[in-house]
Every structure is written in structure tokens, then in C-alpha cells.
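Breakdown of the fold
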Amino acid sequence: SSPIAPVKIGRGLPAAPNAVVLDPQNPNVLYAAVPRSGAPGVDAFGGVYISTDSGLNFARRSNGLDSLYQVSSNANANYLSISPADPNRLYVSFRTTGWAHPYFTSDKGLTWHAPTKLNADGLGFGGQQEGSYWTAPIATHPTHPLLVVTCGGGSSTAVVTTDGGNTWRFSGNG
């Protein structure tokens, strides 16, 4: 038998991704959270990219994220999560401060939205100001697409959304 030849994947990505998620209903669709790069133009911002051919080629899917990149010189897409119950819903978090996120989409990344309220209970995340946020992994519930948990303020402060990312609340004492 002849050896298997390697195939280059990831064409169209300006840098190595920090996170990759697979659409649970279509294994040909992958999303990648890509940090800033030295590439010219809008790709220098990184962001979220989609592949519809099992990772061979990627195209940028960051409509709505560019405003964050333009005002925060240190924003990097670090974590990405997809809802197993509704793969139209994705969440992306950034390593940055002063801007409300994780951002969310309900249309497979065609448009991204910032949360309207990051501190719905009036509690600061890790002692930081409203809207300040450090990156953390994002966990989506396996059967409830609007229920998502992450950490705020770069600490162990768990925050939860039950409305798909619009508002985030301190999740309690455990």
C-alpha cells in the first residue's frame, strides 16, 4: 500500500486558530477563532472564520466583530463554542478589557452581536468595571441552545446567560 500524502488544510486563515469547533449537524462545517496577525488589511484583525469543506478553505465570518477590533488594539479571538442543540448559535470570547463580550450569533456567524448587559445583577466580574472581561472557555448546554456558561473577569466568577448571550448574570456561589 502507498503512504497517505498529507493535505494542507486551513487555506484562508491569516494565523493559527486559538479554537476550532465542528458543526454537530454537518461535519463539513468548521469554525475557527483566529487571533490578530501581521497580515495586511482586515485579516490582520483575525476573528471568526468558517470552512464548508472540512477545513480545507476558510472565509472570514466576523461581521459585527470589527468594531471591537478597531477600538481595542489587544483584542484576540480566543475561545469559540457552538450550541449542539442549535448550530446556528455560536459564541466567541476575546482577550481584551473594557468591551462587553462574549459576542454571539444566531445565524451561523453571518452577524455577531455584543451582549446588551454583562453585569445584570450589579456584580462586577473579578472586581473589574462593567463591561470589562477577560477570556475564558465557553460551555453551551447540550439541549438548551440559549443556556451558556463562562467565567468573567479572568477569575473563577461563573456567569450564565439564559437568553442566548444578550444578558449575562453571576451564576451564584458554586
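Residues numbered from 1 in each chain as written. Predicted model: local features only at pLDDT ≥ 70, side-chain atom pairs only at ≥ 80, totals over all residues. Heavy atoms only, no water.

1. Some points on the overall build of the protein chain
Under the convention used in this document: Where helices and strands are cited, they refer to DSSP runs of H or I of at least four residues and of E of at least two residues respectively, numbered from the N terminus. A contact between two residues is defined here by any heavy atoms of the two lying within 4.5 Å. The method behind every accessible area is Shrake-Rupley, applied with a 1.4 Å probe, and residues are considered shielded solely by the protein chains displayed.
When helices and strands are counted, the protein chain shows 1 helix and 11 strands. Summarising the internal contacts of the protein chain: among those between residues at least 6 apart in sequence, 45% fall at separations of at least 24. Only carbon and sulfur atoms are counted for the fraction: they give 54% of the accessible area of the protein chain, which is about 8300 Å².

2. Digging into the sheet that holds strand β6 (residues 90-94)
Quick note on the threshold: For two strands to count as paired, DSSP must find a minimum of two bridges between them. Each axis is a line fitted through C-alpha atoms, and for a helix only the stretch in contact is used; angles between axes span 0 to 180 degrees, taken between their N-to-C directions.
The strand order across the open sheet formed by 3 strands is β5-β6-β7, and the pairing between neighbours is antiparallel. Strands with a single pairing partner mark the edges of an open sheet, and in this sheet they are β5 (77-82) and β7 (103-105). On average, each strand axis in the sheet is inclined to that of its neighbour by 20 degrees, with strand direction left out of account. Across 5 bridges, the pairing between β5 and β6 is antiparallel. Bridge pairing in β6 places I82 opposite L90.

3. With respect to unusual backbone geometry
Quick note on the threshold: Three exposure classes are used, based on accessible area relative to the maximum for each residue type with a 1.4 Å probe and protein chains only: buried under 20%, partly exposed in between, and exposed over 50%.
The backbone of S54 shows a phi angle near 65 degrees, a positive value even though the residue is not glycine. The residue S54 is located in the loop between β3 (47-51) and β4 (59-60) in this model. For S54, a relative accessible area of 40% puts it in the partly exposed group.

4. Re the sheet that holds strand β2 (residues 30-34)
A sheet is described by the order of its strands in space; here 4 strands give the open sequence β1-β2-β3-β4, paired in antiparallel fashion. The strands lining the two open edges of the sheet, one partner per strand, are β1 (19-22) and β4. Where β2 and β3 come together, 5 bridges link them in antiparallel fashion. Its bridge partner lying in β3, V34 is registered against G47.

5. With respect to the environment of P17
By the secondary structure assignment, P17 is in the segment before β1. Along the chain, P17 and A32 lie 15 residues apart, while their C-alpha atoms are 5.8 Å from each other. Setting aside residues up to four positions removed in sequence, P17 forms contacts with A32, A33, V34 and P35.

6. Side note on the confidence of the model for the protein chain
Counted only if it meets this: Each residue carries a pLDDT score, the predictor's own confidence in it, on a scale running from 0 to 100.
Looking at the protein chain as a whole, its pLDDT mean stands at 80, while 71% of the residues score no less than 70. At the level of individual helices and strands, the protein chain shows its lowest average pLDDT in helix α1 (residues 66-71), which scores 62, and its highest in β1, which scores 96. Low pLDDT, under 50, characterises residues 123-131; the predicted model gives this stretch 24 contacts beyond four residues in sequence or across chains.

7. Examining the side chain of D23
Looking at where D23 falls in the secondary structure, it is placed in the loop between β1 and β2. Its relative accessible area of 2% is what places D23 among the buried residues. Contacts of D23, omitting those with residues within four sequence positions, involve V29, I82, P87 and K108.

8. What about the pairing of β2?
In terms of burial, β2 is a largely internal element, 5 of the 5 residues being buried. The alternating pattern of β2 places L30, A32 and V34 and Y31 and A33 on opposite faces, both of which are buried. Strand direction decides the pairing type here: β1 and β2, joined by 4 bridges, are antiparallel. For L22, the partnering residue across the bridge sits in β2 and is L30.

9. A word on the pattern of salt bridges
Our working rule: Here, a salt bridge means any Lys or Arg side-chain nitrogen found within 4 Å of an Asp or Glu carboxyl oxygen.
Counted under the stated rule, the structure contains 2 salt bridges. Here K108 ties to D23 by a salt bridge, and the two come within 3.0 Å at their closest N and O atoms. Here K108, found in the loop between β7 and β8 (139-140), pairs with D23, found in the loop between β1 and β2; they are 85 residues apart in sequence, far enough to count as distant. One salt bridge connects D86 with R89, and the closest N-O pair in it is separated by 4.0 Å. With a relative accessible area of 15%, R89 lands in the buried category.

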